[in-house]
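# Chain and residue survey
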Amino acid sequence: MCGIAGLVLPGGVLQDPGAIDAMLTSLAHRGPDERGERRGESVVLGATRLAIVDPTSGQQPFSVGPVWGVMNGEVYNHGPLRKELVALGIPQETLCDGEVMVGLAAHSTPRRALDRLDGMFALALWDERDQSLTLARDRVGQKPLYWTRLPDGTLAFASELKGLLVLPQVRRALDPVALQQLLLFEFIPAPRTIYQGIHKLEAGTLLRLDRDGLRIERWWEPPLPGARTSRFDPGRERHLGALRTAVRQAVGRRLPEGPVALLTSGGIDSSVVAACAMERRGEAHAFSMGFSEASFDESGPAAELARHLGLQAHPLHFGPTQLEQTLETLSVGLCEPLTDGSLPSTLRLCQAVHQAGFKVALGGDGADEHLGGYPTYLAHRALPAAPARGSGLLRRIGARVLPEDNRRNLSAGVKLRRFAEGAGMPWQRRNQVWLGAFTPQEIPALLGVPLDPAVWEPVDRWAARVQETSPALRAMYLDQRLYLAEGVLQKVDRASMLTSLEVRAPFVDHHLVALAASLPEHLKVGPVRTKAGLRDAFADALPASLLRRPKKGFGTPLGPWLRGPQSALLQDLERQLAGWIDPEPVAALRREHRSGQRDHRRRLWTLLLLARWRKGPWG
């Protein structure tokens, strides 16, 4: 795992190749073990390294013949690929996966090399044969990659936004559409970033720059849900057997050498990963987070899982007094605001794993989006029975009969109100409203301007590809492209990399993703059950009590903390956001949350992180 950066001007001469030093320094947390760079007249590539694969001789950049390259991530099939290259006479001087990636590109083309890579990665390849640069991001979007053009035409890229912000030529001009997207979604979807003129590469795409110009294209097409490879249905048991095999193989490919660290919660996803890891190794360390607030606490199920599988348990506790320090770490470390409420807990969990001496951990992210885990999928099915004109009535019923409770982890009143707020919208937009912080109706009052239609561009673009399938499968596909790729996986990347830890996610293995897309819908979302196939496929491996647990979600008790022991964090919020956000609605949010009248945890956390980012080093 690494941080990568570079400057490229095909056919020209770089004015300041030494700027790579500041770029790499800003990414040191992603790779604290070593750093390297290679310079040419029109290109400089650099990397900071977290040494995992071939730690003694795998320093980047790599060069094989006319091709140079740097990579952030892991290629899990580098062993077989290396054997192929050696048999073809392509030299491989190390056992590092990055050199394999460069060797494949040298043997054929960067574009063809991507199809052979099985893993998570963001990479850069410079090909001297045609003076071209290729940037690429992995299929599902586990590793980020930012880029911009400098005034003289130089393309600069880096693993994080801060790697570009250290360059004096880069302007920090807020993108108003991106700000609206952050308030609406809790993340900023690619290709936008919080700043105008700086871009994120989308998952599964590549950027090519040469003397003829710049172009971006998709190198991997996500499988459409319900896309069967054959008209023959092998039957339920064979589907479940194929799913078991695919999950086990995905976990096996991601197991590191030596001790295994697992991020567990007692939920079905991380429990399945733990069970598969124990089948392979027979020993693993499970790190889990507990809270004093019963509605959020999962320490009991996590302990039950550890006992059942024989895991070495490392239970942790996160209390309200630790929130301020965690928030300060995020304020300094996050170069682009990302306001997922589980970010503080994820950061503390990763800190504990790193402090215990691990460089690699496995987590359960990606199962919900590919195997049907979110209750919103059931809500999409139910919505036709709730006409749009009844949405106001639903909100009033939710307020009177099911009041919102900001002490609990998503009370029934919160769910009903959020359901009603999206009821009258097109399916893809309501899906984002159900998952996000503010509603489209609230944002104009906050910002004093109408909601820009461009906010919905990535949502509508992806939704257009799956209009012909069922409501639940459509929503799953959209979540894979946006909520997972741009929210969940980026949250894990930021939290883990701030602590110099690599987190691997077996459920986003592209072989498993393809299989999941082909499974019948009833094995993903049943009449009342979510992740039906995954639960049944591993029924013999896990305690029945864990298999029956409803979706809880890994979170942080921000609602009760911001109402009680940490309410002081919100005290000056209106002033901190002055000039961007109207103070009156912010004050109203604080009052209603503090009194217990409404549950505004997601809105207030989003505003709090935005305010801290604004006054931090990257705002």
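Scroll up to find the structure.
In every chain, residue numbers begin from 1 and rise along the written sequence. Local features in this predicted model are restricted to residues of pLDDT 70 or higher, and side-chain atom pairs are both shown and tallied only at a pLDDT of 80 or more, whereas totals for entire chains, interfaces and linings draw on every residue. Excluding hydrogens and water, the side-chain figures rest on all heavy atoms present in the structure.

## Digging into the overall build of the protein
Each helix corresponds to a stretch of at least 4 residues labelled H or I by DSSP, and each strand to a stretch of at least 2 residues labelled E; elements are numbered beginning at the N terminus. Looking only at helices and strands, the protein features 26 helices and 17 strands. Restricting the calculation to C-alpha atoms gives the radius of gyration, and the globule rule supplies 2.2 Å times the number of residues raised to the power 0.38. In terms of C-alpha radius of gyration, the protein reaches 24 Å, essentially the compact-globule figure of 25 Å for 619 residues. Each of the three principal axes of the protein carries a C-alpha extent, and together these read 70 × 60 × 50 Å. Between buried and exposed lies partly exposed: a residue is buried under 20% and exposed over 50% of the maximum accessible area for its type, with that area taken using a 1.4 Å probe on protein chains only. Across the 619 residues in the protein, those meeting the buried criterion constitute 63%. The contact rule is simple, with two residues in contact once any of their heavy atoms fall within 4.5 Å. Considering only residue pairs separated by 6 or more positions, the protein has 71% of its internal contacts joining residues 24 or more positions apart.

## Concerning the side chain of D340
With respect to the element layout, D340 can be found in the loop between α10 (323-333) and α11 (343-355). Just so you know, the count uses Lys and Arg for positive and Asp and Glu for negative, and it drops His and the chain ends. By convention in these notes, a salt bridge is any Lys or Arg side-chain nitrogen within 4 Å of a carboxyl oxygen on Asp or Glu. Although buried, D340 forms no salt bridge, and the nearest oppositely charged side chain, K491, lies 4.3 Å from it. N or O atoms closer than or at 3.5 Å make up a polar contact, with two conditions inside protein: a donor-capable atom paired with an acceptor-capable one, and, for residues adjacent in sequence, both atoms drawn from side chains. A distance of 2.7 Å separates polar atoms of two side chains, one belonging to D340 and the other to S342. In contact with D340, other than residues within four places in its own chain, are E186, Y483, K491 and W605.

## Focus: the packing of aromatic side chains
For any two aromatic rings, the description comes down to two numbers: the centre-to-centre distance and the angle of the planes. Each Phe, Tyr or Trp ring (for Trp, its six-membered ring) is paired with any other whose centre lies within 6.5 Å, and the angle between the two planes then decides the class: stacked below 30 degrees, edge-to-face above 60, tilted in between. By the definition in use, this model includes 12 aromatic pairs. Taken together, a centroid distance of 5.2 Å and an interplanar angle of 75° make the contact between F318 and W561 edge-to-face. Of this pair, F318 sits in the loop between β15 (312-317) and α10 while W561 sits in helix α23 (residues 558-563), and the two are 243 residues apart along the sequence. Judged by centre distance (5.8 Å) and plane angle (55°), the rings of Y374 and Y377 are tilted. Taken as a pair, Y374 and Y377 share a single burial class, namely buried.

## What about the pattern of salt bridges?
Oppositely charged side chains can form a pair if their charged atoms are brought close together. In the structure shown here, the tally under the stated rule is 41 salt bridges. Where E221 meets R465, a salt bridge forms, and the shortest distance between an N and an O atom there is 2.8 Å. Taken together, the residues span a long stretch of sequence, with E221 in the loop between β12 (213-218) and α7 (236-254) and R465 in the loop between α18 (457-463) and α19 (471-498) at a distance of 244 residues. R549 serves as the salt-bridge partner of E298, at 3.3 Å between the closest nitrogen and oxygen. Of this pair, E298 sits in the loop between β14 (285-290) and α9 (299-309) while R549 sits in the loop between α22 (544-547) and α23; the two residues are 251 residues apart in sequence, bridging distant segments of the chain.

## Notes on the sheet that holds strand β11 (residues 205-210)
Pairing between sheet strands relies on hydrogen bonds along the backbone, with the strands arranged either parallel or antiparallel. One open sheet holds the six strands; their spatial order is β4-β5-β6-β7-β11-β12, and the pairing between them is antiparallel. Looking at the sheet topology across the chains shown, the edges are occupied by β4 (62-64) and β12. Taking each pair of neighbouring strands and ignoring which way they run, the sheet shows an average axis angle of 20°. Pairing between strands requires that DSSP locate at least two bridges from one strand to the other. Where strand β6 (residues 119-127) meets strand β7 (residues 132-137), six bridges bridge the pair, whose relative direction is antiparallel. Looking across to β7, one finds that D127 is bridged to S132. Set on the sheet, helix α3 (residues 97-107) makes contact with β4, β5 (67-75) and β6; between it and β5 the angle comes to about 130°. All axes here are fitted lines through C-alpha atoms, helices being fitted over the stretch that makes contact, and every angle between N-to-C directions spans 0 to 180 degrees.

## Looking at the nonpolar core
The biggest cluster of nonpolar side chains holds 132 residues, and the ones touching the most others in it are L7, L117, L123, L573 and L607. A total of 13 residues in this core trace back to one element, the largest contributor, which is α19. For our purposes a nonpolar core is just a set of buried Ala, Val, Leu, Ile, Met, Phe, Trp, Tyr and Cys residues, chained together by side-chain atoms within 4.5 Å. The next biggest cluster of nonpolar side chains, apart from the first, holds 39 residues, and it includes L240, I268, A286 and L311.

## Looking at the sheet that holds β14
The strand order across the open sheet built from five strands is β15-β14-β13-β16-β17, with neighbouring strands paired in parallel fashion. Strands at the two margins of the open sheet, each flanked by one partner only, are β15 and β17 (502-504). Taken pair by pair, the neighbouring strands of this sheet meet at an average axis angle of 30°, ignoring direction. Two strands pair when backbone bridges link them, and strand β16 (residues 360-362) and β17 are joined in this way by three bridges, in the parallel orientation. Across the sheet, the residue bridging to L362 is R504, located in β17.

## A look at the packing of helix α16 (residues 427-435) against α19
Packing of α16 against α19 leaves a shortest axis separation of 10 Å and a crossing angle of 60°. Between α16 and α19, the interaxial angle falls into the category oblique. Handedness of the α16/α19 crossing: right-handed. Contacts between α16 and α19 pair W427, Q428, N431, Q432 and L435 from the former with R474, A475, L478, D479, L482 and Y483 from the latter. Nonpolar residues are Ala, Val, Leu, Ile, Met, Phe, Trp, Tyr, Cys and Pro. Charged residues are Asp, Glu, Lys and Arg, and all others, Gly as well, are polar. The residue makeup of the contact of α16 with α19, split by class, is six nonpolar, three polar and two charged. Roughly parallel refers to an angle under 35 degrees, roughly antiparallel to one over 145, roughly perpendicular to one between 65 and 115, and oblique to any angle outside these ranges. Helix crossings get a hand from a simple test, with the near helix turned counterclockwise from the far one by less than a right angle marking a left-handed crossing and a clockwise turn marking a right-handed one.

All we've got here are geometric facts, nothing functional implied.
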